[in-house]
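What follows is the residue order along each chain.
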Amino acid sequence: MNSRINKQVEVRDLGMIEYKTAWDEQERLFATIVDQKLANRVCPTDAQQLTPNYLLFCEHPPVYTMGTSSHAEHLLMDEATLATELGATLFKIRRGGDVTFHGPGQLVGYPILDLDNFFTDIHHYMRLLEESIIRTLVEYGLKAGRIDGLTGVWLGQEATGDENDGYSRKICAMGVKASRWVTMHGFAFNVNTDLRFFSHIVPCGIADKAVTSLALELGHEVPLAEVAARVQGHMATLFEMELIETQYGINRQSDSIALC
């Protein structure tokens, strides 16, 4: 393995993008990193190449996704009805977690990181993703936290320990995949999301808790770019990343592996 590490992370803003297009791009970048790691194994140490890291931000048109531990009964409408009545699509994907929703007004983040550049601990990785959202919410005057046994970021007394904080409600869902310590998928932060879409599923398979958004909690919408910038800043601090902003283009020729 390459003994050198690369803490630079290329940030790409995909804007509003179809879920399948973003998924394919994740898969492509993920494969680029894995292929470089495999190529490094047969190279002398001084010829090994640093593996890249990416952080993708985007919004999706209405879409429901089902992870590897999803239960069919947690989708409360069939796929055809989702399309005709809600204008939503459905995808079954290889990430952890149950069914969730992505749509306009939601900040979706896909970190595609080689954790060999940071730390090789998936539990710690998930907790830092959560912490980046928790710290962002503090900047908007909201106290958030975690609930034992559940992933994601929550508001309410069960998460914050404040008995005056009301019922438990999720504001950010998370589901990741990792192979050879390379990550993909990530988080979905409800900023200005239309929460009515969640009424057609059992979100993340949790029937006894609610879903909320930053706009609902504050009583007004918040610019998505502003929230993304704050999340990026907290991720950079927590992961000790150096963020590199780039002009984004799908299937860029520069995303390739180097052989010894």
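Here we summarise the structure given alongside this text. (Residues numbered from 1 in each chain as written. Predicted model: local features only at pLDDT ≥ 70, side-chain atom pairs only at ≥ 80, totals over all residues. Heavy atoms only, no water.)

### Structural notes on the overall build of the protein chain
Now for step 1: Tallying secondary structure elements over the protein chain gives 6 helices and 11 strands in all.
Now for step 2: Within the protein chain, the fraction of its 260 residues that count as buried is 53%.
Now for step 3: In the protein chain, once contacts between residues fewer than 6 apart in sequence are set aside, the share between residues at least 24 apart is 76%.
Now for step 4: Carbon and sulfur atoms provide 50% of the accessible area of the protein chain, an area that totals close to 11500 Å². (Helix = DSSP H or I, 4+ residues; strand = E, 2+ residues; numbered from the N terminus. Buried < 20%, exposed > 50% of the residue type's maximum accessible area, 1.4 Å probe, protein only. Contact = heavy atoms within 4.5 Å. Areas by Shrake-Rupley, 256 points an atom, 1.4 Å probe, with all protein chains shown as cover.)

### Thoughts on the pairing of strand E9 (residues 182-190)
Now for step 1: In terms of residue burial, E9 counts as a mostly covered element, since 9 of its 9 residues are buried.
Now for step 2: Inspection of the sheet shows strand E8 (residues 169-179) paired to E9 by 8 bridges, in the antiparallel sense. Within E9, the position partnered with Cys172 by the bridge is Phe189.
Now for step 3: The antiparallel hairpin formed by E8 and E9 contains 2 residues in its connecting segment, where Arg180 sits at a positive phi of about 55°. (Pairing = 2+ DSSP bridges.)

### Some words on helix H3 (residues 122-139)
Now for step 1: Here H3 is 18 residues long and its end C-alpha atoms lie 26 Å apart, about the 26 Å a rise of 1.5 Å per residue gives.
Now for step 2: Those residues of H3 hidden inside the fold are in contact with strand E6 (106-112), strand E7 (153-155), E8, E9, helix H5 (214-218) and helix H6 (224-239).
Now for step 3: Among the residues of H3, the N-terminal cap falls to Asp121, whose side-chain oxygen and the backbone nitrogen of His123 are separated by 3.0 Å. (Expected span 1.5 Å × (residues − 1). Polar contact = N/O pair within 3.5 Å; in protein donor to acceptor, adjacent residues only side chain to side chain.)

### Some points on the sheet that holds strand E3 (residues 63-66)
Now for step 1: The mixed open sheet is built from 3 strands, whose spatial order is E4-E3-E5. Strands with a single pairing partner mark the edges of an open sheet, and in this sheet they are strand E4 (89-92) and strand E5 (100-102). Neighbour-to-neighbour, the strand axes of this sheet turn through a mean angle of 25°, independent of strand direction.
Now for step 2: Note: E3 against E4, 4 bridges, orientation parallel. (Axes fitted to C-alpha atoms, helices over the stretch in contact; angles between N-to-C directions.)

### Side note on the environment of Asp194
Now for step 1: Secondary-structure assignment places Asp194 in the loop between E9 and strand E10 (210-211).
Now for step 2: A relative accessible area of 28% means that Asp194 is categorised as partly exposed.
Now for step 3: Sequence separation between Asp194 and Pro104 is 90 residues; the distance between their C-alpha atoms is 7.6 Å.
Now for step 4: Engagement of the side chain of Asp194 in a polar contact is seen with the side chain of Arg196, the distance being 2.8 Å.

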